[in-house]
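Residue strings, one per chain:
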Amino acid sequence: MSDAQTPQQLFDPTAYLDLTLTDPTEKRPPLPPGDYTAIVGEVTARKWQGKQDPTKQGIAWDIPLKIQVPSGFQDALKLPPEITLTDSCMLDLTPQGLFDNGVGKNRRVRTYREALDMNKPGDTFGPRQMQGRLVTVKVEHELYNGEPVERVRGVARAG
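Just so you know, these numbers come straight off a predicted model, no measurement behind them.

Peer 1: Hey, could you run me through the pattern of salt bridges in this one?
Peer 2: Opposite charge on two side chains permits pairing when their charged atoms draw close. Under the counting rule described, the total for this entry stands at 12 salt bridges. For the salt bridge of K138 with D35, the shortest nitrogen-to-oxygen distance reads 3.0 Å. Linking K138 in strand β5 (residues 134–144) with D35 in strand β1 (residues 34–40), this pair joins segments that are 103 residues apart in sequence. Owing to a relative accessible area of 34%, K138 belongs among the partly exposed residues under this scheme.

See below:
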């Protein structure tokens, strides 16, 4: 076994607390609303709690979507070739805390399953199976403090 350390083992995140910047940090232009091809990244799960009502809580899946930016937008808006937006599915759970797969439950999960062609009788599905697969995403804007913010409003089959 080697005593050599990888760069990540030597990395000290607190070193960034002494970071000094002289140039302004610039906001990139938002991706225009529309439909885009995206690659599903690694889905993660997290607990959530209501802000107005802390008694409301549950589990959500966060789904990173690596959106392929068309070259025309890359040139005209000086956007990178890929932009990652994160979508979330707030899971419907049974009173026992299990995933609720009843009729009309977990609509957003159903939408992803259908977009990935994984929602037929007999299909096995798990959130990790989504990673690396293509979908079409609908990007829309909502205003926050007077500025447009990109949001994933829907998913469908790629193509």
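Having put the structure on the table, let's press on.
Peer 1: What am I meant to see in the nonpolar core here?
Peer 2: Soluble, globular proteins show a tendency: their nonpolar side chains are buried together. Of all hydrophobic cores here, the largest spans 26 residues; its most connected members are L31, I63, L65, I67, V135 and V137. At the level of secondary structure, the elements contributing two or more residues to this core comprise β1, β3 (57–68), β4 (82–90), α3 (107–115), β5 and β6 (147–157). Per element, the largest residue contribution to this core is four residues, and it comes from β3. If near-sequence neighbours (up to four positions away) are discounted, I67 is found in contact with L31, Y36, T37, A38, P81, E82, I83, L85, V137 and V139.

Peer 1: Before we go on, may I ask you to explain the packing of aromatic side chains in this structure?
Peer 2: Here a ring pair, both rings aromatic, is described through the centre-centre distance and the interplanar angle of the planes. Using the criterion set out here, one finds three aromatic pairs in the structure. Taking the centre distance of 6.1 Å and the plane angle of 15 degrees together, the rings of W61 and F99 count as stacked. Separated by 38 residues along the polypeptide, W61 in strand β3 and F99 in the loop between β4 and α3 bring together distant segments of the chain. Judged by relative accessible area, W61 falls into the buried class, the value being 12%. With a relative accessible area of 36%, F99 lands in the partly exposed category. Both rings, one in W61 and one in F125, keep their centres 6.4 Å apart while their planes meet at 45 degrees; by these two values the pair is tilted. Of this pair, W61 sits in strand β3 while F125 sits in the loop between α3 and β5, and the two are 64 residues apart along the sequence. Taking the relative accessible area as the measure of exposure, F125 reaches 22% and is therefore partly exposed. Ring-pair connections join several aromatic residues into one group, and the members of that group are W61, F99 and F125.

What counts and what doesn't
Residues numbered from 1 in each chain as written. Predicted model: local features only at pLDDT ≥ 70, side-chain atom pairs only at ≥ 80, totals over all residues. Heavy atoms only, no water. Salt bridge = Lys/Arg side-chain N within 4 Å of Asp/Glu carboxyl O. Helix = DSSP H or I, 4+ residues; strand = E, 2+ residues; numbered from the N terminus. Buried < 20%, exposed > 50% of the residue type's maximum accessible area, 1.4 Å probe, protein only. Core = buried A, V, L, I, M, F, W, Y, C linked by side-chain atoms within 4.5 Å. Contact = heavy atoms within 4.5 Å. Phe/Tyr/Trp six-rings, centres within 6.5 Å; stacked < 30°, edge-to-face > 60°.

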